[in-house]
Amino acid sequence: MEEPVRDPGLQPARTRLAWRRTTLSCTVAAILAGRTALSGSGGALGWVAAALCLLVWLGFLAVAHRRITGLALHEVAPPVMTRRGAVAAALCTVALAVFASLLVT
């Protein structure tokens, strides 16, 4: 007896949209970090934190792009996110929050 083919419905589309929203949020955080560094209020630590925010943002952008592309190419049976990709996304998110908080203090 064959298993029925899984109908993912709108789940892949919702997941792509969630990745895009998260990427937009990270972009806003990185831009605000750069703006804070340009205002000169953070000194040398501000510049380092802003540069690290930019680097982490680029890393998250790469992970998100890979995931969004994978979901778009496999609408019927979207691939499971790899453990490496999930860890990279989580680390980028936490690092962005930490580096951005260094700019605020």
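Data block above holds the structure.
My aim in this report is to walk through the structure given alongside it, one point at a time. (Residues numbered from 1 in each chain as written. Predicted model: local features only at pLDDT ≥ 70, side-chain atom pairs only at ≥ 80, totals over all residues. Heavy atoms only, no water.)

1. Examining the overall build of the protein
Summing up its helical and strand segments, the protein has three helices and zero strands in all. For the protein, the succession of helices and strands along the chain, N to C, is α-α-α. Among the 105 residues that make up the protein, the fraction classed as buried is 30%. Sequence-distant contacts in the protein: of pairs separated by 6 or more residues, those separated by 24 or more amount to 77%. Looking at the protein as shown, the accessible area adds up to about 7,300 Å², and 69% of this sits on carbon and sulfur atoms. (Helix = DSSP H or I, 4+ residues; strand = E, 2+ residues; numbered from the N terminus. Buried < 20%, exposed > 50% of the residue type's maximum accessible area, 1.4 Å probe, protein only. Contact = heavy atoms within 4.5 Å. Areas by Shrake-Rupley, 256 points an atom, 1.4 Å probe, with all protein chains shown as cover.)

2. A short note on the nonpolar core
Formed by 19 residues in total, the largest nonpolar core has its most connected members in Trp19, Val56 and Phe60. It is helix α2 (residues 43-73) that contributes the most residues to this core, nine residues altogether. (Core = buried A, V, L, I, M, F, W, Y, C linked by side-chain atoms within 4.5 Å.)

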